[in-house]
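Inside the fold
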Amino acid sequence: MPAQAKHRRPRTSPFARGLAVVGTGGAVLALPFIAATTAEAVSSPAAATQKDNPETYSVVAGDSLSRIAAAHSVSGGWKKLYENNREVIGGNPALIHPGVELTLGERTASATPATATPATATPAATAPATAVVEQETATPATEEATATTEEATATTEDATATAEDATAATEDATADTSDTVTQAAPKTYTDDLDGWINESLDVMAAQGIPGSYDGIYRNIMRESSGNPSAINNWDSNAAAGTPSKGLLQVIDPTFQAYHVPGTSMDSFDPVANITAACNYAADRYGSIDNVNGPY
C-alpha cells in the first residue's frame, strides 16, 4: 500500500516571491523580488497632529508654563496659557502643581506639525516622580508687584504730603492761637505798691516818660509811705484849697495838667497818680529819678 502523503497547512509568508525581468543589452535577467504583504503601521500626520496638539495637558513634576507653552506651540506663549487657566492655577503663574489639567488653546501659525515616526521612535522620557515643579520667575507677577510697589510709594508720598500739609496747618493754627492768647491775656499786676509801680512803668514806657522803679519807690516812701489815700490838709496847698493827694502827693491842678491818657481821672488812683507825678517831674527835673525832696 503506497504511503499516504502528509498534508501540511500552507504557511502564510509575509513575503511574496516573484521575478523581475530586466534587460541588459541583449540579455534578459530574471531577478527575484520580495514584496511585503503586511505593511507596518505608520502614524498618519493627522493623528500625530492630534497627539502633539491636545486640547488639555496634565501638569507633571518639573513643568512650567513657559516650557508647556513652548513644547505645544501655544499661541500667545505662557502668558496666554496662564490667562486661559488662571482659575485652576491661581494668582501665581510661577506655581503650578502636578496633576492640574490645563487647556492649551490654539497653536501658533508657525508651528511645524510633528512628523510621524516609526514604531522604533524613542518614547518621551517621563520626569522622575521626585522632581520638583520648577519655580520660574513670573514676569506678570513681578510686573504686578512692581505696579503695586509704585502705587504704595505714590500713596506714601501722598500721605507724607498730607501729613506735611497737616503739620503746616497745625503750625499756622498754633501761631494764630498764640497771637490770640497774647491778645486775650493782657499782662496782670498785683494790687499792691509793687504792682502799681510796675504797671506805671509800663504805661510810662509806652508814653516815653523816663523813670525807674527805684526812683519812684524812693519818692513814694518819702511823700506818703505807700498809702494811696494819703492827703495833706495842713500845708500851703491845703490852705489854698488844693491839698496834695495820693502816693506822690500831687495837687489837682498838676494832676490834670500832666494826666497820662489811658489812666484813671481820679488823682487817688495809684497808677494815675504815679504816672502824672512822673510826667510832671520829667518836664520839670528831667526824671523822677532826679527828685530827692519836696517837688
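Right above here is the structure, for reference.
Read on for an overview of the structure.

Thresholds applied
- Counting of residues starts from 1 at the beginning of each chain's written sequence and follows it residue by residue.
- Per-residue local features of the predicted model are confined to residues with pLDDT of at least 70, and side-chain atom pairs are confined, for both listing and counting, to 80 or more; whole-chain, interface and lining totals are unaffected and use all residues.
- Think of the side-chain values as coming from all heavy atoms in the structure, minus any hydrogens and water.
- Secondary structure follows DSSP: runs of H or I at least 4 residues long count as helices, runs of E at least 2 residues long count as strands, and numbering of each begins at the N terminus.
- By salt bridge we mean one thing: a side-chain nitrogen of Lys or Arg within 4 Å of a carboxyl oxygen of Asp or Glu.
- Throughout, exposure labels follow a simple rule: accessible area from a 1.4 Å probe, protein chains only, divided by the maximum for the residue type, with under 20% read as buried, over 50% as exposed, and the rest as partly exposed.
- Angles run from 0 to 180 degrees between N-to-C directions of axes, and those axes are lines fitted to C-alpha atoms, restricted for helices to the stretch in contact.
- In what follows, roughly perpendicular refers to angles from 65 to 115 degrees, roughly parallel to angles under 35, roughly antiparallel to angles over 145, and oblique to any angle outside these ranges.
- Less than a right angle of anticlockwise turn of the near helix away from the far helix marks a crossing as left-handed, whereas a clockwise turn marks it as right-handed.
- Every residue pair with non-hydrogen atoms within 4.5 Å of one another is taken to be in contact.
- For this scheme, ten residues count as nonpolar: Ala, Val, Leu, Ile, Met, Phe, Trp, Tyr, Cys and Pro. Four count as charged, namely Asp, Glu, Lys and Arg, and the remainder, Gly too, count as polar.
- Note on terminology: a nonpolar core comprises buried Ala, Val, Leu, Ile, Met, Phe, Trp, Tyr and Cys residues joined through side-chain atoms within 4.5 Å.

Locating Gly208 in the fold gives a position in the loop between helix H6 (193–207) and helix H7 (213–223). Residues Gly208 and Asn279 lie 71 residues apart in sequence; the distance between their C-alpha atoms is 9.4 Å.

One pass over the structure, following the stated rule, counts 3 salt bridges. Taking the shortest distance from any N to any O, the salt bridge between Asp202 and Lys187 comes out at 3.2 Å. Remark: Lys187 occurs in the loop between helix H5 (139–184) and H6 and Asp202 occurs in helix H6; sequence separation between them is 15 residues. According to the relative accessible area criterion, Asp202 is partly exposed, its value standing at 32%.

Each pair of packed helices gets described by two things: the angle between the helix axes and the distance between those axes. Packing of H6 against H7 brings their axes to within 10 Å, and their N-to-C directions diverge by 130°. Judged by the inter-axis angle, H6 sits oblique to H7. With respect to the hand of their crossing, H6 and H7 are arranged in right-handed fashion. Only Tyr213, Ile216, Tyr217, Ile220 and Met221 of H7 make contact with H6, whose side of the interface consists of Leu193, Asp194, Ile197, Asn198, Leu201 and Met204. Tallied by class, residues from the contact of H6 with H7 come to 9 nonpolar, 1 polar and 1 charged.

In this section: the nonpolar core. Judged by nonpolar contacts, the single largest core of 21 residues is most densely connected at Ile197, Ile216, Ile220, Ile274 and Cys278. Among the elements of the structure, H6, H7 and helix H10 (270–285) are those that each provide at least two residues to this core. The leading source of residues in this core is H10, at 6 residues. Excluding anything up to four places from it in sequence, Ile274 contacts Trp196, Ile197, Ser200, Ile216, Ile220, Leu247 and Leu248.

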